[in-house]
Structures are given as C-alpha cells and as structure tokens.
Amino acid sequence: MSSNQVLALLALLPLGVVGFVAYVLIRYTPVIGRIFEEKPVFFPLRVDPAPDGEEVAFKTSDGLELVGTYFPCRTAERLGVIVFCHEFLGNRWSALPYADYLRDEGFDLFSFDFRNHGNSDSEDGYEPFQWVCGRETRDLRAALNYLRSRPDRDPAGFGLFGVSRGGGTAICVAADEPDVWAVAADGAFPTRGTMLAYIIRWAEIYVGRWFIWRYMPIAMFAFVGWVGRLRSQWRLKRVFPDIERAASRLSPRPLFMVHGQKDAYINQDIARALFDSARPPKSFWLVPGAKHNRCRELCPEEYRDRITAFFRQAAPRGARSDLRSADLDGRAVEQLAGHA
C-alpha cells in the first residue's frame, strides 16, 4: 500500500467514526428512550389517613394546588421539622409507617401529595413516571416555601426524608436550598447512573452484534444514553435533573442512604455510585435481603433506630453523639459527629 493510499485511509477514518456514531444513535436511541418512557410493575404502599394532623393546601409556582398534612411533635420542645417525600404512585400518608415515630423524638412531620397523586391537583397532559423530573422538584420547593410562611415556621430549616423517587427529589432540591440541614433517602436512584447501567445490561440483547457492544467504550454508551435522555425529555416535555451532581453539592449537609441488597430495580452498585458522588458527611446502609422500598418492613426496629439517630444527630438543636452509621459488614462509613 502506497503512502498516498495510507493518507487517503487516514483521511476517511474520521468520516467512518462519524458514520458509526450516527448509525448507533439512529438505531438505538429510540430503544434507550424506553428506559424513560415505560413504567415498571409497581405496587406502592397504601396507608389509612391519620386524624391528628393539620390539613393544609398550598400553590406551586405554576398554579397547581397541592394538599399536605402537618403533624406536630409529641414532645414538649421541637427539635426540628422533617419533610417527607413519598414514592411514585404513593401519597402523603405513607409518611406514617416511615417516619411517624420521629414525632416522639421531637420532630414535626410534614407530608404532602405530589401533583397527579393523592388529593393534589393533576396537571393536564402530564403523566408522572418513576423518574424525578422538574415537576417533582417544583412541588417540593412549593412545600418548603409553604412551611417558611407558617406562623410556627422553624428558622433552623428542614430535614428531608424521601423514598425512591421521593429520595431523588429530596437530594435535588436540597442541593439548592441552604436551609435544608440533612437528607435521608431510602431506595433513591440516580438518573444518569441508572440509565447507563440499564443500557449496558441490555446491550447484548438489543444490539445483537457482539463486535459493536463488547468493545464499545463506556463513554460511547454514556453519550448514546445522553442523546436518548434528550429525546425523551423532548417527547415527554420535561427535564430529568442530574441527581449525581446534586448529591455532590449537598456537603456539608449530611446524607444518609438506605438501600435493599436484593433491589431488582436498582441494584446496589447503582445506589453506591450515587452515594460515591456525594462528599462527606455521608453514610450508607445496605439492608441484607431487602427488595426495593422494603428495608423498613424487613428490619423495622433497626430502621427506626438508624433514621432517628441520623436526624437527631444532624438537627441544629439535636443531641449530636459519636454514633457511627455502619455498613453491611459493620465497618464505619462516615462519622457524622461534629457536623455543624
């Protein structure tokens, strides 16, 4: 092969790369869109309403009315206010089995129905999915604004406690709200990380051509996933926030993540990747044998003790001890004591 032929091939190489990328995007972006546009088979927790809360309503920035319930603490003095964010397809009453005991520890508890859930208004043309989008973050910000307007508002701010999609929403909003002093999330999952994990898991099935997917660099998978996410955002008329980036901005507010070891929707590697994106102080509890959103049911007493210790330790008026959160094998992950 002559030098001219070599130069000609080198000149065509960028065109070949561009053509390959274009082929992958055209062929597989619609497949990736299914990750965002299909709902899993999911059975949310159903709980009977409690009579001892104050029923309230408040407006979002786009004019919807959301409904919530404010539960005062059962102690003489208030340590803080905890805002509960329910899971996809759930409602505000699921706060009771997850967090009602915090009222015995000195915390007021506020729970509300996200739009298109429970008794809150439904937005015309909006179909909620399991993914956090701008609607959910808007709703939580509206809830915090309402709490700031109450005569009994707590000037110290709020702790956030969210389950699954509610956990991701709590992380996203807390990153931009300086008066959020702590976040606990059970079953939370990232957008980018979950998407990439699903793409890699299903690549062999959908691609078929082993020489394409087996030697595809991770960066290429991530790029195709990014384009697929943009396509779904346009089709669904919503934005999926970057939860990993939000988690990285929480510090110095503490983060406590709880996750089930046998979560079939979000495996522990995905959850740990989200945890790794956050900076200290933080702690991670992997619950042996627990499936998605089932950690509390599997070990209720330990669940209560860990959540209580986290919020008492993090609260501005709480009793901060030297308690350490332990990982599955008993090793200390991060020490929260001394957090200001």
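Residues numbered from 1 in each chain as written. Predicted model: local features only at pLDDT ≥ 70, side-chain atom pairs only at ≥ 80, totals over all residues. Heavy atoms only, no water.

1. What to know about empty space enclosed by the protein
Empty space left among the atoms is revealed by rolling a probe the size of a water molecule over them. Put simply, the rule reads: Grid points spaced at 1 Å over the protein atoms alone were grouped into cavities, where a 1.4 Å probe fits but cannot get out, and pockets, open sets with protein on both sides within 12 Å along at least five of seven lines, with lining residues defined by an atom within 4 Å of a point. Grid points are joined across faces, edges and corners, and a volume is the space filled by probe spheres set on the points. Residue classes follow a fixed rule: Ala, Val, Leu, Ile, Met, Phe, Trp, Tyr, Cys and Pro count as nonpolar, while Asp, Glu, Lys and Arg count as charged, and any other residue, Gly among them, counts as polar.
One pass over the full model with this rule turns up one cavity of 30 Å³ or more. If you trace the largest cavity, you find it lined by Tyr70, Val81, Leu147, Arg150, Asp152, Arg153, Asp154 and Phe158. In terms of residue class, the lining of the largest cavity is made up of four nonpolar, no polar and four charged.

2. With respect to the layout of surface pockets
Looking at the second largest pocket, its volume works out to about 170 Å³. Lining the second largest pocket are ten residues, with Phe42, Tyr265, Lys291, His292 and Arg294 positioned closest to its centre. Per-class residue counts for the lining of the second largest pocket are five nonpolar, one polar and four charged.

3. Digging into the sheet that holds strand S2 (residues 65–71)
Put simply, the rule is: A pair of strands is labelled paired if DSSP reports no fewer than 2 bridges between them. Put simply, DSSP marks the helices as runs of H or I at least four residues long and the strands as runs of E at least two long, and each gets a number from the N terminus on. Between N-to-C directions, angles span 0 to 180 degrees; the directions come from axes that are lines fitted to C-alpha atoms, helices contributing only their stretch in contact. Throughout, a residue-residue contact means that at least one pair of heavy atoms, one from each residue, lies within 4.5 Å.
Reading across from one edge, S1-S2-S4-S3-S5-S6-S7-S8 is the order of the eight strands in this open sheet, with mixed pairing throughout. At either margin of the open sheet sits one strand with a lone partner, and together these are strand S1 (54–59) and strand S8 (282–287). Averaged over all pairs of adjacent strands, the angle between their axes in this sheet comes to 20°, without regard to strand direction. As defined by bridge partners, strand S7 (residues 255–260) adjoins S8 across six bridges and the pair is classed as parallel. Among the inter-strand pairings, Phe256 is bridged to a residue of S8, identified as Ser283. Helix H3 (residues 134–149) contacts S1, S2, strand S3 (80–85), strand S4 (107–112), strand S5 (158–163) and strand S6 (180–186) of the sheet and is inclined by roughly 115° relative to S1. Most of the contacts of helix H11 (residues 300–314) go to S6, to which it runs at about 165°, and overall it touches S3, S4, S5, S6, S7 and S8.

4. Examining the pairing of S7
What counts, and what does not: A 1.4 Å probe rolled over the protein chains alone gives each residue an accessible area, and that area as a share of the maximum for its type sets the label: buried under 20%, exposed over 50%, partly exposed in between. Viewed with both strands pointing away, a crossover whose connecting path from the first strand over the helix to the second turns clockwise is right-handed.
Summarising burial for S7: six of the six residues are buried, a large majority. By the alternation rule, side chains of S7 split into Leu255, Met257 and His259 and Phe256, Val258 and Gly260, which are all buried. Sheet topology places S6 next to S7; four bridges connect them, and they run parallel. In the strand pairing of S7, Ala184 is matched with Phe256. Note on the crossover from S7 through helix H9 (residues 268–277) to S8: the handedness is right-handed.

5. What to know about the side chain of Glu136
Mapped onto the fold, Glu136 is located in helix H3. Look at Glu136 and you get buried, because its relative accessible area is 0%. In contact with Glu136, other than residues within four places in its own chain, are Phe114, Tyr126, Trp131, Arg165 and Thr169.

6. A word on H9
Using the following cut-off: Here the arc refers to the set of directions running from the helix axis out to each C-beta atom. For this analysis, a polar contact is any N or O atom pair within 3.5 Å, provided that within protein one partner can donate a hydrogen and the other can accept it, and provided that sequence-adjacent residues contribute only side-chain to side-chain pairs.
Among the residues of H9, Ile270, Ala271, Leu274 and Phe275 are the ones counted as buried. End-on view of H9: buried residues confined to an arc of 140°, all on one side of the axis. In this structure, H9 carries Asp269 and Asp276 as exposed residues pointing more than 90 degrees from its buried face. Measuring from the backbone nitrogen of Asp269 back to the side-chain oxygen at the start of H9 gives 2.9 Å, which picks out Asn267 as the cap.

7. So, the confidence of the model for the protein
Note the following rule: What pLDDT expresses is the predictor's confidence in each residue, scored from 0 to 100.
Taken over all residues, the pLDDT of the protein has a mean of 83, while the share at 70 or more is 76%. Contacts from residues 5–10, a stretch scored under 50 in pLDDT, to residues over four places away or in other chains number two contacts. Throughout residues 320–340 the model reports pLDDT below 50, and contacts reaching past four residues in sequence, or to other chains, amount to 50 contacts.

8. What to know about the pairing of S1
In the sheet, S1 pairs with S2 via six bridges, with the strands oriented antiparallel. The residue bridging Glu54 from the neighbouring strand is Tyr70, located in S2. Hairpin geometry of S1 and S2 is characterised by an intervening segment of five residues between the two adjacent antiparallel strands and by a positive phi of about 90° at Gly63.

9. Some points on the packing of H3 against helix H4 (residues 165–174)
The cut-off we apply is this: Roughly parallel means an angle under 35 degrees; roughly antiparallel, over 145; roughly perpendicular, 65 to 115; everything else is oblique. It is the rotation of the near helix from the far one that decides the hand of a crossing: anticlockwise by less than a right angle makes it left-handed, clockwise makes it right-handed.
Here H3 crosses H4 at 65°, and the two axes come no closer than 9 Å. By the angle between their axes, H3 is roughly perpendicular relative to H4. The way H3 lies across H4 gives a crossing that is right-handed. Of the residues in H4, those in contact with Glu136, Thr137, Leu140, Arg141 and Leu144 of H3 are Arg165, Thr169, Ala170, Cys172 and Val173. Here the residues of the contact of H3 with H4 are counted per class, giving five nonpolar, two polar and three charged.

10. Focus: the packing of aromatic side chains
The way to describe two aromatic rings as a pair is by their centre distance and the angle between their planes. Just so we agree on the cut-off: Pairs were defined over the aromatic rings of Phe, Tyr and Trp, the Trp ring being its six-membered one, requiring ring centres within 6.5 Å. Orientation was assigned from the angle between planes: stacked under 30 degrees, edge-to-face over 60, tilted for the rest. Whether a charge lies above a ring is judged from NZ of Lys or CZ of Arg, which has to be within 6 Å of the ring centre and within 35 degrees of the ring normal.
For the coordinates displayed, the defined rule picks out 21 aromatic pairs. Seen from the ring of Phe275, Lys282 lies directly overhead, with NZ or CZ sitting 4.5 Å from the centre. Directly above the ring of Trp285 sits Arg306, whose terminal nitrogen or CZ lies 4.4 Å from the centroid.

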